[in-house]
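The chain contents come next:
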Amino acid sequence: LVTGVQTCALPISMKATALAVALLLTLTGCEKPKPSVTLFPGSNSARAEAVCWRQDGSPAIGSPGCSQDELVKTVQSGDLASLAVTPGSTFGISVDSDVADAGWYASIIVNGQAQQLVQSIMKDHYWRFTFPDSARGQFPAGGYVLQVTAAGATSGSERGIWFFTLTDADAA
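Residues numbered from 1 in each chain as written. Predicted model: local features only at pLDDT ≥ 70, side-chain atom pairs only at ≥ 80, totals over all residues. Heavy atoms only, no water.

1. A word on the side chain of Asp 168
In plain terms, the rule: Strands are runs of DSSP state E lasting at least two residues, helices are runs of H or I lasting at least four, and both sets are numbered from the N terminus onward. To sort residues, take the accessible area from a 1.4 Å probe on protein chains only and compare it with the maximum for the residue type: under 20% means buried, over 50% means exposed, and anything in between is partly exposed. Within this scheme the basic residues Lys and Arg register as positive and the acidic residues Asp and Glu register as negative, but His and the chain ends are omitted. Salt bridges are defined as contacts in which a side-chain nitrogen from Lys or Arg sits within 4 Å of a carboxyl oxygen from Asp or Glu. Throughout this description, a polar contact denotes any pair of N or O atoms lying within 3.5 Å of each other; where both atoms belong to protein, one of them has to be capable of donating a hydrogen while the other can accept it, and for residues adjacent in sequence the pair is counted only when both atoms sit in side chains. Contacts between residues were defined by any pair of non-hydrogen atoms, one from each residue, lying within 4.5 Å.
With respect to the helices, strands and loops of the structure, Asp 168 is situated in strand S10 (residues 158-168). Despite its burial, Asp 168 pairs with no opposite charge; the closest candidate is Arg 136, at 6.1 Å N-O. A polar atom in the side chain of Asp 168 sits 2.9 Å from the backbone nitrogen of Asp 170. Look past the residues within four positions of Asp 168 in its chain and what remains in contact with it is Val 85, Pro 87, Gly 137 and Phe 139.

Now the structure itself:
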């Protein structure tokens with residue numbers, strides 16, 4: 001009787017081991033998705049995944065697939081999440097927990113130069129600001145580019161970058 005139990009237990013044990021190995025192989029192939037950023041002006045929204053993101057906190061710029069030239073090409077491609085905004089209106093930026101934990105800031109790219117909207121790194125999940133009324137009728141062709149940057153582990157480094165195109169809602 002004991003021998004029969006041992007014989008029956010062996011296949012169950014082998015099945016459990018095989019299942020555990022298969023599960024482990026499946027999980028090792030999984031990668032945590034890149035965090036996202038969402039813009040909310042009024043009742044509309046636009047969501048974007050990171051163009052570049054380093055899960056480990058090391059600088060993204062200069063890492064494989066994320067050179068400065070590649071970022072410029074991404075912006076120039078015009079294939080960015082886009083949102084119409086009304087000058088003088090308030091809209092919000094919502095970031096995932098990984099981004100808030102790293103710290104982040106938003107910039108508007110004007111003539112190829114990023115101009116930070118706030119000078120300090122934010123740790124909040126949500127931030128609102130008023131799009132300048134002075135921009136009314138002054139949108140460049142193709143709109144403004146909003147860049148959201150997650151801070152890296154070292155001062156001055158970027159852990160992740162997101163881009164959006166902001167177009168003039170009054171021009172529509």
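2. Things to note about the state of the cysteines
For clarity, the threshold we go by: Two cysteine sulfurs form a disulfide in these notes if their separation is within 2.5 Å.
Applying the stated rule across the entire model yields one disulfide. Between the sulfur atoms of Cys 52 and its disulfide partner Cys 66 the distance amounts to 1.8 Å. Its S-S torsion of about 110 degrees marks the bond between Cys 52 and Cys 66 as right-handed, since a negative value means left-handed. Separated by 14 residues along the polypeptide, Cys 52 in strand S3 (residues 52-53) and Cys 66 in the loop between S3 and helix H2 (68-77) bring together distant segments of the chain. Judged on exposure class, the residue Cys 52 and its partner Cys 66 are both buried.

3. Brief notes about the environment of Trp 127
Within the fold, Trp 127 resides in strand S8 (residues 126-130). Each C-alpha atom of the pair Trp 127 and Phe 91 lies 8.5 Å from the other, and the pair is 36 residues apart in sequence. Leave out the neighbours within four places in its chain, and Trp 127 touches Phe 91, Gly 92, Ile 93, Trp 104, Ala 106, Leu 117, Val 118 and Met 122.

4. Some words on the pairing of S8
Regular strands place their side chains on alternate faces of the sheet. We count it as follows: At least two DSSP bridges between two strands are required for those strands to pair.
The alternating pattern of S8 places Trp 127 and Phe 129 on a buried face, while none of Tyr 126, Arg 128 and Thr 130, on the opposite face, is buried. Pairing between strand S5 (residues 90-95) and S8: five bridges, direction antiparallel. Of the residues in S8, the one forming a bridge with Gly 92 is Arg 128.

5. A few points about the side chain of Ser 107
Following the sequence through the fold, Ser 107 ends up in strand S6 (residues 104-110). Exposure remark for Ser 107: the relative accessible area of 1% places this residue in the buried category. Excluding anything up to four places from it in sequence, Ser 107 contacts Ala 114, Gln 115, Gln 116, Leu 117, Val 145, Leu 146 and Gln 147.

6. Description of the packing of aromatic side chains
What counts here: Two aromatic rings from Phe, Tyr or Trp, using only the six-membered ring of Trp, form a pair when their centres are within 6.5 Å; if the ring planes differ by under 30 degrees the pair is stacked, by over 60 it is edge-to-face, and anything between is tilted.
All chains considered together, the criterion is met by seven aromatic pairs. Pairing Phe 91 with Phe 131 gives two aromatic rings, centres 6.5 Å apart and planes at 35 degrees, and the pair type is tilted. With a gap of 40 residues between them, Phe 91 in strand S5 and Phe 131 in the loop between S8 and strand S9 (144-151) connect regions that are remote in the sequence. A residue is classified by how much of its surface remains accessible, and Phe 91, at 1% relative accessible area, is buried. Between Phe 139 and Tyr 144 the ring centres are 5.1 Å apart and the planes differ by 65 degrees, which places this aromatic pair in the edge-to-face class.

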